[in-house]
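# An overview of the molecular structure
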Amino acid sequence: MLKKGHRIHLSITSSSQNFIFLNTNTGENPATAVKTVQTTQQMHHQARNLS
């Protein structure tokens with residue numbers, strides 16, 4: 001349990017774990033892609049819709 005006043009940093013990405021290339025969200029090869037597309041990530045935290 002975090003003590004009062006402490007902070008936690010949470011990073012949510014659409015890339016693979018331990019993958020060094022960003023997910024450009026274009027379907028192109030991430031090693032050579034130059035164009036990126038902005039996306040919206042959704043995180044479900046209800047018992048019936050766990051992410």
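Below, the structure is looked at part by part.

What follows is about the overall build of the protein. Counting secondary structure elements, the protein contains 0 helices and 0 strands. Here the protein holds 51 residues, and 4% of them are scored as buried. On the protein, roughly 5400 Å² of surface is accessible, and the fraction owed to carbon and sulfur atoms is 52%.

The exposure class of T24 is buried, given its relative accessible area of 8%. In terms of polar contacts, T24 uses its side chain to reach the side chain of T26, at 3.0 Å. Setting aside residues up to four positions removed in sequence, T24 forms contacts with A33, K35, T36 and V37.

About the criteria used
Residues numbered from 1 in each chain as written. Predicted model: local features only at pLDDT ≥ 70, side-chain atom pairs only at ≥ 80, totals over all residues. Heavy atoms only, no water. Helix = DSSP H or I, 4+ residues; strand = E, 2+ residues; numbered from the N terminus. Buried < 20%, exposed > 50% of the residue type's maximum accessible area, 1.4 Å probe, protein only. Areas by Shrake-Rupley, 256 points an atom, 1.4 Å probe, with all protein chains shown as cover. Polar contact = N/O pair within 3.5 Å; in protein donor to acceptor, adjacent residues only side chain to side chain. Contact = heavy atoms within 4.5 Å.

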